[in-house]
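Listed below are the residues making up each chain.
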Amino acid sequence: MTTNRKVLMLAGDGIGPEVMHEAARMIEWMNDYRGAAFEIQEGLCGGAAYDAHGTSLTDETLADAMAADAVLFGSVGGPKWDDVPRDERPEAGLLRLRKEMDLFANLRPATVFDALAEASTLKADVVSGLDLMIVRELTAGVYFGTPRGTDRLPDGTRRGFDTEVYTEPEIERVARVAFELARKRANKVHSVEKANVMESGVFWREIVTALHKAEYSDVELHHMYADNCAMQLVRQPKQFDVIVTNNLFGDVLSDCAAMLTGSLGMLPSASLGAPGEDGRRKALYEPVHGSAPDIAGQSLANPVAMMLSYSMMLRYSFDMAEEADLVEQAVENVLAGGLRTADIMQEKTAKVSTGVMGDAVLREMGKLDRQGDRRAANI
Ligand code: IPM
Ligand code: MN
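Residues numbered from 1 in each chain as written. Chains lettered and ligands numbered in written order. Predicted model: local features only at pLDDT ≥ 70, side-chain atom pairs only at ≥ 80, totals over all residues. Heavy atoms only, no water.

*Asks:* Tell me about the nonpolar core, and please be specific about residues and values.
*Replies:* Membership of the largest hydrophobic core comes to 75 residues, with the highest contact counts inside it found for Phe38, Leu72, Leu107, Val135 and Met365. Among the domains, domain 1 (1–109 + 267–379) and domain 2 (131–260) are the pair contributing at least three residues each to this core. In terms of nonpolar packing, the next biggest core, distinct from the first, is built from 22 residues, Leu122, Val127, Cys229 and Leu233 among them. (Core = buried A, V, L, I, M, F, W, Y, C linked by side-chain atoms within 4.5 Å. Buried < 20%, exposed > 50% of the residue type's maximum accessible area, 1.4 Å probe, protein only. Domains from an automatic or database assignment.)

Here you go:
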């Protein structure tokens, strides 16, 4: 049987396989109890692919990703591959996927669950109720710009260099995603660059301003320098609704935003391409946290970011908002009930393993689902 819910699972390295296992159980649950008919295919990426095939992403796996309706991704990298040639490093597999699938819009939401407001390293009143969305450009900028490399100057001095470069359409299409998202949220966009020092930053601001004027003047737009944005994120994060920024600033600022929520282990992300002829976007969903090799294989990892990445998949790729709400509500209830993985431990909470956290969320989904049934039956 073929479905239009073909999901390619790339668990990757480190804690990737452990957290992916919990997402896989969730997908099974959706198939069993919601008749979701997800069809799962598994593949290798990152160090795992390098060990098996000598490359961090084979052409076959790339083709599978292109053919899938969505890709669910764990995490890649680790010290084991420190000496691997640059082009084959675990991260290169992920970057190639992003580029070849043209996943230019990376959505990184930072929301603080009530139960976790105290777990943040910031004061609870600074972060409680926080709900912001970083839209990170993901297929251009310094990550892919050329020339890049190292060379030797005529005087014998060696140097290393990268290129930050953005074309007008690259800026416009990601800004458009940000404005559209803002319209469905609090209607505010902060466009972040370093127009005070970078030519590409001046250009970024010019393009965003023009698009805003032409099509989105109903949305509140602010321009902010990236250094100020980093400071404002820890000073008063609730001033933000949607932040749109380039690949590199988005990488840095999203780690910062993630910590506001208590732990990197809480943050999901969606990487989206342009809508195709059938209206569907290519998409890849992954937790923002890395492969955390220091805790890999010990059942210590927090599976919540991976589970929430799956709920983003339900929402953005499959139009299954009700099921996405169910996952998110279940996570929220389990946290409110006091279960914690090591990264979000607080006083008077119970420390549990990756698998026990997964069990608890699945059990809660079942409970919520049955309550929903009962409510429907009473109508
Ligand atoms: C991320 C990661 C990646 C990035 C690495 C693993 C290449 O840090 O997704 O934020 O820098 O984009
Ligand atoms: Mn990062």
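There's plenty left to go through after this.
*Asks:* I'd love a proper account of the environment of Arg370, names of residues and values included.
*Replies:* Counting through the fold element by element, Arg370 comes out in helix H12 (residues 354–378). In this structure, the C-alpha to C-alpha distance between Arg370 and Val189, residues 181 residues apart in sequence, is 39 Å. (Helix = DSSP H or I, 4+ residues; strand = E, 2+ residues; numbered from the N terminus.)

*Asks:* Any details on the domain arrangement of the protein chain? Residues and values, ideally.
*Replies:* Looking at the protein chain, the domain boundaries give domain 1 (1–109 + 267–379) and domain 2 (131–260). When each unit is reduced to the centre of its C-alpha atoms, the spacing between domain 1 and domain 2 is 25 Å. Taken together, the contact between domain 1 and domain 2 spans 15 residues of the former and 18 residues of the latter. Between domain 1 and domain 2 lies a buried interface of about 1600 Å² when both sides are counted; carbon and sulfur atoms form 63% of it. (Contact = heavy atoms within 4.5 Å. Buried area = accessible area lost by both parts, 1.4 Å probe.)

*Asks:* Describe in detail the environment of Ser263, supporting the description with residues and values.
*Replies:* Within the element layout of this structure, Ser263 appears in the loop between helix H9 (247–260) and strand E11 (270–275). Its relative accessible area of 6% is what places Ser263 among the buried residues. Placed 144 residues apart in sequence, Ser263 and Ala119 show a C-alpha to C-alpha distance of 8.0 Å. Those residues in contact with Ser263, other than ones at most four positions away along the chain, are Ala258, Asp343 and Ile344. Reaching out from Ser263, the side chain makes a polar contact with the backbone nitrogen of Gly265 at a distance of 2.8 Å. (Polar contact = N/O pair within 3.5 Å; in protein donor to acceptor, adjacent residues only side chain to side chain.)

*Asks:* Please provide a residue-by-residue account of the site of ligand 1, values included.
*Replies:* Around ligand 1, the neighbouring residues are Glu91, Arg98, Arg108, Arg136, Tyr143 and Asp251. Arg136 is positioned with one of its side-chain polar atoms (N or O) 2.8 Å from an oxygen atom of ligand 1. Here ligand 1, which alone exposes 320 Å², has 77% of that area covered by the protein. The class makeup of the residues in the shell around ligand 1 is one nonpolar, no polar and five charged. Formed jointly, the shell around ligand 1 draws a minimum of three residues from each of two domains, domain 1 (1–109 + 267–379) and domain 2 (131–260). (Near = heavy atom within 4 Å. Areas by Shrake-Rupley, 256 points an atom, 1.4 Å probe, with all protein chains shown as cover. Nonpolar A, V, L, I, M, F, W, Y, C, P; charged D, E, K, R; others polar.)

*Asks:* Describe helix H7 (residues 199–215), and please don't skip the residues or the numbers.
*Replies:* Compared with an ideal rise of 1.5 Å per residue, which puts 17 residues at 24 Å, H7 spans 24 Å between its outermost C-alpha atoms and is within 8% of the ideal. For H7, every residue scored as buried is listed here: Ser200, Gly201, Trp204, Ile207, Val208, Leu211 and His212. The arc enclosing the buried residues of H7, seen along the axis, measures out at 135°, which places them on a common side. More than 90 degrees from the buried face of H7, the exposed residues found are Glu199, Lys213 and Ala214. Structurally, H7 contributes buried residues whose contacts are with strand E5 (131–137), helix H6 (168–183), strand E8 (188–193), strand E9 (220–225) and strand E10 (242–245). (Expected span 1.5 Å × (residues − 1). Arc of directions from axis to C-beta.)

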